[in-house]
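Letter by letter, the chains look like this.
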Amino acid sequence: MSLRRLAPPELQPASFAFNLENLARVEKEIAKYPPGRQASAVISALWIGQEQEGWVTHPMIETIGRRLDMPFIRVLEVATFYTMFNLAPVGKFHLQVCTTPPCTLRGSDDVMAVCKKLIGPAQMTPTADGMLSWTEVECLGACTNAPVFQVYKDFYEDLTAETTAKLIEAFRRGENPAAGPQAGRTGSEPAGGPATLIDPALYDGHAKPSATEGGTDSPDAEAKMPTEAASDREAPVQKPPGAAT
């Protein structure tokens, strides 16, 4: 991971303000928290600002700090900690490539090599047409489908050098290719197909018939039979006064 800092002053805009739509979204997020706890909305506010501007700017951090009654440094700490926040201008399609061990073991080096070849050797550097950029990030939390990269809110999983190249070319054309596994899987099932719960009778909501239909000898029926209440089992036996103990 590289050191995360705000873009240099020459790249910073002069000011920032949420547009009316996004200002309403920020106010809605703040309203989710009790009075005096508006700082809890800082991540949401930064995310909404990034959606508006494409990246998190110095004036944006100042604006959010004033709105949430937080010092500049506190907002800056959040923005620089989470790699989902871009601290400098990025391409329209910004690929965040996971390179933690599960992704590395599954081929993230190949994904990185394709990004460097087709987008450019340097991270956080938009292409000349402004369409693409890439960066290396820590765990995206999708280890079962490694290797993975993230674009906006979408995860592209089960990547290879070939599928990475196809996705990058689609992004370059301005397309939004289908997110998710790129190797035919529909989720996080085993690569060879589901290995458990493959009998619909086990999960379709219908109980399997017992050996004696309607009887009480099935394990389920036996489990549902009324039993002696705990108060009956444990209540002490009352003895007449003077009786021997």
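Okay, so let's go over this structure. As the structure is a computational prediction, the values presented were derived from the model and not from experiment.

1. Topic: the overall build of the protein
Next up, step 1: What the protein contains, in helices and strands, is nine helices and five strands.
Next up, step 2: Secondary structure elements of the protein occur, N-terminal to C-terminal, as α-α-α-α-β-α-α-β-β-β-α-β-α-α.
Next up, step 3: Split into buried and exposed, the 245 residues of the protein put 37% on the buried side.

2. Looking at the packing of aromatic side chains
Next up, step 1: Scanning the entire structure with this criterion turns up eight aromatic pairs.
Next up, step 2: For the ring pair phenylalanine 16 and phenylalanine 18, a centre distance of 4.9 Å and an interplane angle of 80° mean the geometry is edge-to-face. Considered together, phenylalanine 16 and phenylalanine 18 belong to a single accessibility category, that of buried residues.
Next up, step 3: By way of ring pairs, the aromatic residues Phe93, Phe149, Tyr152, Tyr156 and Phe171 are connected into one cluster.

3. Some details on the side chain of glutamine 50
Next up, step 1: Among the secondary structure elements, glutamine 50 is positioned in helix H2 (residues 42-53).
Next up, step 2: By relative accessible area, glutamine 50 is classed as buried at 8%.
Next up, step 3: Within the structure, the side chain of glutamine 50 is placed 2.5 Å from the backbone nitrogen of asparagine 86, a separation counted as a polar contact.
Next up, step 4: The residues contacting glutamine 50, other than those within four sequence positions of it, are Trp55, Val56, Met60, Met84, Phe85 and Asn86.

4. Description of the pairing of strand S2 (residues 132-137)
Taken residue by residue, a regular strand's side chains alternate between the two faces of the sheet.
Next up, step 1: With five of six residues buried, S2 lies mostly within the body of the structure.
Next up, step 2: As judged from the six bridges shared by strand S1 (residues 93-98) and S2, these two strands associate in the parallel manner. Residue pairing across strands places histidine 94 opposite serine 133, the latter belonging to S2.

5. Concerning the pattern of salt bridges
Pairing is possible between side chains that carry opposite charge, provided their charged atoms lie close to one another.
Next up, step 1: Using the criterion set out here, one finds eight salt bridges in the structure.
Next up, step 2: The salt bridge partner of arginine 25 is glutamate 51, with a shortest N-O separation of 2.9 Å. In this pair, arginine 25 is assigned in helix H1 (residues 20-30) and glutamate 51 in helix H2, connecting sequence segments 26 residues apart.
Next up, step 3: The class for arginine 25 is partly exposed, based on a relative accessible area of 32%.
Next up, step 4: With relative accessibility at 38%, the residue glutamate 51 sits in the partly exposed group.
Next up, step 5: Its salt-bridge partner being lysine 153, residue glutamate 51 comes within 3.7 Å of it at the nearest N-O pair. Within this pair, whereas glutamate 51 is found in helix H2, its partner lysine 153 is found in the loop between strand S3 (149-151) and strand S4 (154-157), the two being separated by 102 residues in sequence.

6. Section: the pairing of S1
Next up, step 1: In terms of burial, S1 is largely enclosed, as six of its six residues are buried.
Next up, step 2: Residues Phe93, Leu95 and Val97 line one face of S1 and the alternating positions His94, Gln96 and Cys98 line the opposite face, and both faces are buried.

7. As for unusual backbone geometry
Among all residues except glycine, the phi angle is most often negative; among peptide bonds, the trans geometry is most common.
Next up, step 1: Cis geometry is adopted by the peptide bond preceding proline 147, which originates at alanine 146 and carries an omega value of -5°.
Next up, step 2: Even without glycine at this site, aspartate 69 takes up a positive phi of about 55°.
Next up, step 3: With respect to the element layout, aspartate 69 can be found in the loop between helix H3 (58-68) and helix H4 (72-81).
Next up, step 4: Even without being a glycine, methionine 124 presents a positive backbone phi close to 55°.
Next up, step 5: Residue placement: methionine 124 occurs in the loop between helix H6 (108-118) and S2.
Next up, step 6: Judged by its relative accessible area of 26%, methionine 124 is partly exposed.

So, how was this worked out
- Residues numbered from 1 in each chain as written.
- Predicted model: local features only at pLDDT ≥ 70, side-chain atom pairs only at ≥ 80, totals over all residues.
- Heavy atoms only, no water.
- Helix = DSSP H or I, 4+ residues; strand = E, 2+ residues; numbered from the N terminus.
- Buried < 20%, exposed > 50% of the residue type's maximum accessible area, 1.4 Å probe, protein only.
- Phe/Tyr/Trp six-rings, centres within 6.5 Å; stacked < 30°, edge-to-face > 60°.
- Polar contact = N/O pair within 3.5 Å; in protein donor to acceptor, adjacent residues only side chain to side chain.
- Contact = heavy atoms within 4.5 Å.
- Pairing = 2+ DSSP bridges.
- Salt bridge = Lys/Arg side-chain N within 4 Å of Asp/Glu carboxyl O.

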